[in-house]
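Results of the structural survey
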Amino acid sequence: MRNFYAQEMELPSLAAIRYILKMPQYRVNLEKPHMSPSSTPLENFEDDHDDLVFLDEQAVAGTGDAAGAVWRVMIVDDDEDVHSTTTFALGNLDMQHRPLQFVHAYSAAQAREMLRHEADIAVILLDVVMEQDDAGLHLVRYIRETLKLTDVRIILRTGQPGYAPEIDAIRDFDINDYKTKSELTRIKLYTTVTAAIRSYQQIRAINSSRRGLDQIVRASTELMSLHGVKDFASGVLTQVADVLDTEADGVLCVHEHTDGRAPQLKVLACAGSFCRLGGGMLGSDDDARAFAAIGRTLSQRASVFDTDFAALYFGSKSSRDFAAFVRLARPLGEIEKRLLDVFCSNVAVGLENVELVAHLHNAAFYDQLSQLPNRTRLIEILDATLEGPGRAGTTLSLVDLDHFAETNDALGHQFGDLLLVAVAGRLQARLGRHLTVARIGGDIFSVLGDADAVNPDKILELFQTPFSIDGQDVQLSATLGLVRLAEHDGSGADALKDADIALKRAKMQQRTGHFYFSRSMGVEIRERVHMMHALRTGFARDELFVVYQPQIDLNTRRPVGAEALLRWQNAAGQFISPVRFIPIAEYSGLIIEIGEFVLRSACAELVRLRAAGHHDFTMSVNVSQVQFRHPFFLAMLRSALEDSGAPPEYVELEITESMAMEEPDLLIQMLAEVKHTGVSIAIDDFGTGFSSLSYLQRLQIDRLKIDRAFVTEITDSSRGSSIAEMVIQLGRNLGLSVVAEGVEDERQAQILTALGCPMAQGFLFARPMTPPGLYDWLQQNTQTRAA
């Protein structure tokens, strides 16, 4: 048999091949050759009369496997004997139960053309010297750089050692091996090709894993861009199909832990043949295999793979688990199973994150008690409505439950919560789902929708029927503030603010009523807000100051005291009326600081006047209701008296009659504590309220001040001086001093004197003046009276 092997390669010679092929166990086609891509005829080797055509290499190898189950080896050589001997030598090689399939090219040019179309070539046995001396190396460059075939393994062979490639070429072009034909024995050829196929397999596995991981990363990124659990679940089915390169056909369910009971599988997403399930529940009647597979997956807390399906487990740290059933077109390999496990881990984290985001979204945009949209969500809806075409016929209404705080305090917060839920349910059920009902505050709801539906009469009518809570009927009423979006300019937040303004106006005028916002109301409110900011800034910049209007003894016309009055001159030099800014100061709470400033200024001025010789002189200071009710008012009063050194008996605090009428018992107690400091108390604007005689007797007051409106009347012959005279008489009977305000002419002064009024103040005697002006005026009037 030695003679049957070529001496150069120790491979079977052509004669040996012919001898073997003529044996009965081999089939030989002696007819005219038929060309095929995988077999090439060998003609005229020794017998010019016999045209031998080798059977397909698969037949030689004794297998009929498809291309997908073979290792494809390309032989590129211009020597036909090399093709024949190589095919014969490797024909019986089997790796991992997969035989070899040979592809033949007899030139570099032919190989170029074939490689453009041939797929899954594992190994190329390439001759270096063909058309040109370096044709093989040029083909290698073409394979790597032009065709970008990086997986295929290349083994260079040459019968001319002098044309061996440089080391740099072997490295740069990723050449798997280089052998001379003389050293490539049959055993070495087996070993070299086997090593190359193993290398190809490992590279393909690595690249497949890398591509799979890249696809998983990409899929995870795309999933993270989805919002909501249902959208995310649908995306999972799509991405699983992409990873497996198949059509989406499956169902993803969520299972809440049920303490060992049969799993209740809620369908979150479905695709393909499972689309019929919609968003319901998955039961054994719907798809027994899917139900059983998901149940098994949940119980094992691991993915389950079969030949035609995969049940994927997406674990969760929460009380809910997720699982999917996916139909497969083919069995999965180990790498694909591992990739799916990685994918499932990413999806599990993603599902937890999506659930967390959904929970945070719900907490941020929905009221947790009523599950209605909250203020933030309502503003978003308002913004969208204002930007759309439907704003013209849309109305926003705020619904404020009257006296709900008292109900809550009386019946408990749990009862109050049930009542709020009942109100939310009635608003939604009776007004219709096409309207947006929201809860924007403790006891304030909102209704947004078509103007005909958001009708105040319809809304208020809903509260005519009592609410039944825990068997107890509760009657509620509501007050509404409404704004027509067609008349609104601004954002959703501005519209909500305008509705709140209308609501406040409605509550001021009448409870259980309604009020529509108007542009004039908006202008008024904005002016007030502007005034509030300007007042705060002006106070910080010392634009506010105190002036003093003297009080006169009507009998002697001598000054006996002064009233401290607040004035404001802004940076532009304009004087702002106290009628405008005092209510704003009280509303904003700034009156606490301003009031202390006035009191301390008045006490300091009193000390300076006494030092100048005006000892029998009383300083009156107005105190607002907000100041008087402040918990630290008494401490502030004591501190001001102590810090300034002003004698308390010459300091008088003025409160209004309307203020004295509110919560009389509390006021009586407070006045008693104020009197302990030594200061006196006067009721300002007396006669404008409805104080009773018995009530006045209980108040520890020292003086009554007649309102300027009644002083003006005393010179009107049609009305007379009845009220002023009554106040003077009342003061005399109660032992109280009386001061008339707003005396502007001599006739008024004479009438008041005749009625027995002891003191007065007004423009007839002096206008309010600054401390230097007061000092000069007192000096002049004291000297004049003395003369």
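Preceding block: the structure.
In this report, we go over the structure that sits alongside the text. (Residues numbered from 1 in each chain as written. Predicted model: local features only at pLDDT ≥ 70, side-chain atom pairs only at ≥ 80, totals over all residues. Heavy atoms only, no water.)

A look at the overall build of the chain
Looking only at helices and strands, the chain has 27 helices and 30 strands in total. Here the chain holds 787 residues, and the buried ones make up 46% of them. Taking the intrachain contacts of the chain between residues at least 6 apart in sequence as the baseline, contacts between residues at least 24 apart amount to 64%. (Helix = DSSP H or I, 4+ residues; strand = E, 2+ residues; numbered from the N terminus. Buried < 20%, exposed > 50% of the residue type's maximum accessible area, 1.4 Å probe, protein only. Contact = heavy atoms within 4.5 Å.)

Section: the side chain of Asp 402
Relative to the helices and strands, Asp 402 resides in the loop between strand 15 (394-401) and helix 12 (404-411). Accessibility expressed as a relative area gives 4% for Asp 402, which makes it buried. Side-chain polar atoms of Asp 402 contact the backbone nitrogen of Ala 478, separated by 3.4 Å. (Polar contact = N/O pair within 3.5 Å; in protein donor to acceptor, adjacent residues only side chain to side chain.)

Some words on the sheet that holds strand 7 (residues 153-158)
By definition, the strands of a sheet pair up through backbone hydrogen bonds, in either a parallel or an antiparallel sense. Strand order in the open sheet formed by 6 strands is 4-5-3-6-7-8, and the pairing between neighbours is mixed. At either margin of the open sheet sits one strand with a lone partner, and together these are strand 4 (94-95) and strand 8 (177-180). In terms of strand pairing, strand 7 meets strand 8 through 4 bridges, oriented parallel. Residue pairing across strands places Ile 155 opposite Asp 177, the latter belonging to strand 8. Along the sheet face, helix 4 (residues 108-115) touches strand 3 (71-76), strand 5 (98-105) and strand 6 (121-127) and points at about 125° away from the line of strand 5. Running at roughly 175° to strand 7, helix 5 (residues 135-146) makes contact with strand 3, strand 6 and strand 7 of the sheet. (Pairing = 2+ DSSP bridges. Axes fitted to C-alpha atoms, helices over the stretch in contact; angles between N-to-C directions.)

Thoughts on unusual backbone geometry
Of note, His 403 is a non-glycine position whose phi angle comes to about 55°, a positive value. Within the chain, Asp 470 stands out as a residue other than glycine whose phi angle is a positive 50°. As for its position among the elements, Asp 470 is in the loop between strand 18 (467-469) and strand 19 (472-474). On the accessibility criterion, Asp 470 (66% relative accessible area) is exposed.

What to know about the packing of aromatic side chains
Taken as a whole and assessed by the stated rule, the structure comprises 8 aromatic pairs. With centroids separated by 5.8 Å and ring planes inclined at 70°, the aromatic side chains of Phe 274 and Phe 325 adopt a geometry described as edge-to-face. In this pair, Phe 274 is assigned in the loop between strand 10 (265-271) and strand 11 (281-282) and Phe 325 in strand 14 (residues 320-327), connecting sequence segments 51 residues apart. By relative accessible area, which is 0% here, Phe 274 ends up buried. Given the relative accessible area of 0%, Phe 325 is considered buried. (Phe/Tyr/Trp six-rings, centres within 6.5 Å; stacked < 30°, edge-to-face > 60°.)

Details of the sheet that holds strand 16 (residues 436-439)
Read from one edge of the open sheet, 5 strands run 16-17-15-20-21, paired in mixed fashion. The open sheet is flanked by strand 16 and strand 21 (514-516), the only strands paired with a single partner. Between one strand and the next, the sheet's axes are offset by a mean angle of 15°, whatever the strand orientation. In this structure, strand 15 lies alongside strand 17 (residues 444-450), joined through 7 bridges in antiparallel fashion. From the neighbouring strand, Thr 395 faces strand 17, where its bridge partner is Gly 449. Across the sheet, helix 11 (residues 375-387) is in contact with strand 15, strand 16 and strand 17; its angle to strand 17 comes to roughly 20°. In the packing of helix 15 (residues 492-509) onto the sheet, contacts are made with strand 15, strand 17, strand 20 (478-484) and strand 21, and the angle to strand 20 comes to roughly 140°.

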